[in-house]
Amino acid sequence: LRIQAQWRASKARAEASERRDAKRRHVHRWRNARFVQAATRGYWGRKRAAAVLREKRDAEKHRMATKIQAAWRAARARYLATIQASLEALRAQEKIAVVRIQAAARALFGRREAA
């Protein structure tokens, strides 16, 4: 009877030890899984945050480039308007000069014809 009790006790201790070890392994695996999941979520979160930041930077660059282009086009338009205005003034002066030259020529030809 005593041997049988010791054998059962030994077997119960071994089973309890096995259950404890199994639980420890399960908890250990669970903790490792949580660690891996957290690391993965952190990695993807950082990646997503970097993409959002990159998009914001690109949008800002695009907006600045648009402003620079608009300023350049406005300056060029003003410059071309100034050139066109001076060209029109020059053409008006040229027309007046042509009319005067023609009038002088007609007067000269008229005097030659009269004389």
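The subject of this paragraph is the overall build of the chain. Counting its secondary structure elements, the chain contains one helix and zero strands. In terms of C-alpha radius of gyration, the chain reaches 49 Å, well past the compact-globule figure of 13 Å for 115 residues. In terms of overall dimensions, the chain has C-alpha extents of about 170 × 15 × 5 Å along its principal axes. Put simply, the chain has 115 residues, and 0% of those count as buried. Surface accessibility of the chain: about 11100 Å² in total, with carbon and sulfur atoms responsible for 60%. Separation between the mean location of the 31 positive side-chain charges and that of the 9 negative ones in the chain comes to 10 Å.

Moving on: the packing of aromatic side chains. Under the definition given, this model contains one aromatic pair. Between the aromatic rings of tyrosine 43 and tryptophan 44, the centroid separation amounts to 5.2 Å while the plane-to-plane angle is 75°, which identifies the pairing as edge-to-face. Its relative accessible area of 41% is what places tyrosine 43 among the partly exposed residues. For tryptophan 44, a relative accessible area of 44% gives the class partly exposed.

Bringing the pattern of salt bridges into the picture now. Considering all chains together, one arrives at three salt bridges under this definition. As a salt-bridge pair, aspartate 21 and arginine 24 come within 3.4 Å of each other at their nearest N and O atoms. Of this pair, aspartate 21 and arginine 24 both sit in helix H1 (residues 2-114), separated by three residues, roughly a single helical turn. Arginine 24 sits in the exposed class, given a relative accessible area of 54%. Glutamate 60 is the partner of arginine 63 in a salt bridge, and the nearest nitrogen-oxygen pair spans 2.8 Å. In this pair, arginine 63 and glutamate 60 both sit in helix H1, three residues apart, roughly one turn of the helix.

About the cut-offs
- Residues numbered from 1 in each chain as written.
- Predicted model: local features only at pLDDT ≥ 70, side-chain atom pairs only at ≥ 80, totals over all residues.
- Heavy atoms only, no water.
- Helix = DSSP H or I, 4+ residues; strand = E, 2+ residues; numbered from the N terminus.
- Rg over C-alpha atoms; globule rule 2.2 N^0.38 Å.
- Buried < 20%, exposed > 50% of the residue type's maximum accessible area, 1.4 Å probe, protein only.
- Areas by Shrake-Rupley, 256 points an atom, 1.4 Å probe, with all protein chains shown as cover.
- Lys, Arg positive; Asp, Glu negative; His and termini not counted.
- Charge placed at Lys NZ, Arg CZ, Asp CG, Glu CD.
- Phe/Tyr/Trp six-rings, centres within 6.5 Å; stacked < 30°, edge-to-face > 60°.
- Salt bridge = Lys/Arg side-chain N within 4 Å of Asp/Glu carboxyl O.

Geometric descriptors of this kind do not, in isolation, establish any biological role.
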